[in-house]
Amino acid sequence: MKLVMVLMLAALPLYCYAGSGCAYLEGVIKDIANPTISIEQFKNSLKEYIKDDATSNAVGEFKQCFLNQSNETLENFVAFMVILISFYVCFYNTRKFVTSDVK
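Per an unreviewed UniProt entry, the recorded name for the chain is Mammaglobin-A, and the organism is Tupaia chinensis. Under the UniProt heading Subcellular location (unreviewed entry), the entry covering the chain gives this text: "Secreted".

Colleague: What is the right way to read the overall build of the chain from this model?
Modeller: Counting its secondary structure elements, the chain contains five helices and zero strands. For the chain, the sequential pattern of α-helices and β-strands runs α-α-α-α-α. Taken across its 103 residues, the chain has 25% of its residues classed as buried. Sequence-distant contacts, at least 24 apart, represent 67% of the contacts inside the chain between residues at least 6 apart. Total accessible area on the chain is roughly 7600 Å²; 65% of this is exposed by carbon and sulfur atoms.

Colleague: Hey, could you run me through the packing of aromatic side chains in this one?
Modeller: We describe a pair of aromatic rings using the distance from one ring centre to the other and the angle between the two ring planes. Counted under the stated rule, the structure contains two aromatic pairs. Ring geometry for Phe62 versus Phe66: centroids 5.2 Å apart, planes at 75 degrees, classification edge-to-face. Residue Phe62 and its partner Phe66 are both found in helix α4 (residues 53-67); the two are separated by four residues, about one turn of the helix. Ring geometry for Phe66 against Phe77: centres 4.8 Å apart, planes inclined by 55 degrees, an arrangement best described as tilted.

Colleague: What is the right way to read the side chain of Lys63 from this model?
Modeller: Structurally, Lys63 can be placed in helix α4. The side chain of Lys63 is buried and forms no salt bridge, while Asp31, the nearest opposite charge, is found at 7.3 Å. Within the structure, Lys63 has its side chain in polar contact with the backbone oxygen of Asp31 (distance 2.9 Å). A polar contact is formed between the side chain of Lys63 and the backbone oxygen of Ile32, at a distance of 3.0 Å. Leaving out residues up to four positions away in the same chain, Lys63 has contacts with Asp31, Ile32, Ala33, Asn34, Ile37, Ser38, Ile39 and Phe42.

What counts and how
- Residues numbered from 1 in each chain as written.
- Predicted model: local features only at pLDDT ≥ 70, side-chain atom pairs only at ≥ 80, totals over all residues.
- Heavy atoms only, no water.
- UniProt positions renumbered as here; feature names shortened; annotations may be inferred.
- Helix = DSSP H or I, 4+ residues; strand = E, 2+ residues; numbered from the N terminus.
- Buried < 20%, exposed > 50% of the residue type's maximum accessible area, 1.4 Å probe, protein only.
- Contact = heavy atoms within 4.5 Å.
- Areas by Shrake-Rupley, 256 points an atom, 1.4 Å probe, with all protein chains shown as cover.
- Phe/Tyr/Trp six-rings, centres within 6.5 Å; stacked < 30°, edge-to-face > 60°.
- Lys, Arg positive; Asp, Glu negative; His and termini not counted.
- Salt bridge = Lys/Arg side-chain N within 4 Å of Asp/Glu carboxyl O.
- Polar contact = N/O pair within 3.5 Å; in protein donor to acceptor, adjacent residues only side chain to side chain.

Next up, the structure:
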């Protein structure tokens, strides 16, 4: 059991370094923080999730908040979100692996 834990902890940084595992989510995060993508372009990329005018307006206002930020803030946001999502995915998968191994 200790050997499994040591090997898992050794492999964890490599697994986490690979990214969140969800390219679509990473793309949405990068699109929302990209100042060259307009509100309409952003809405079009999410059109399958926008079902009514209220949601469309909320998405537009959300994107506008990011358009009002400096480039440095946007870059820091993207870096933070990728790290946060990667950490969550690593933690969730590691916890699932460890608990399934104990049974």
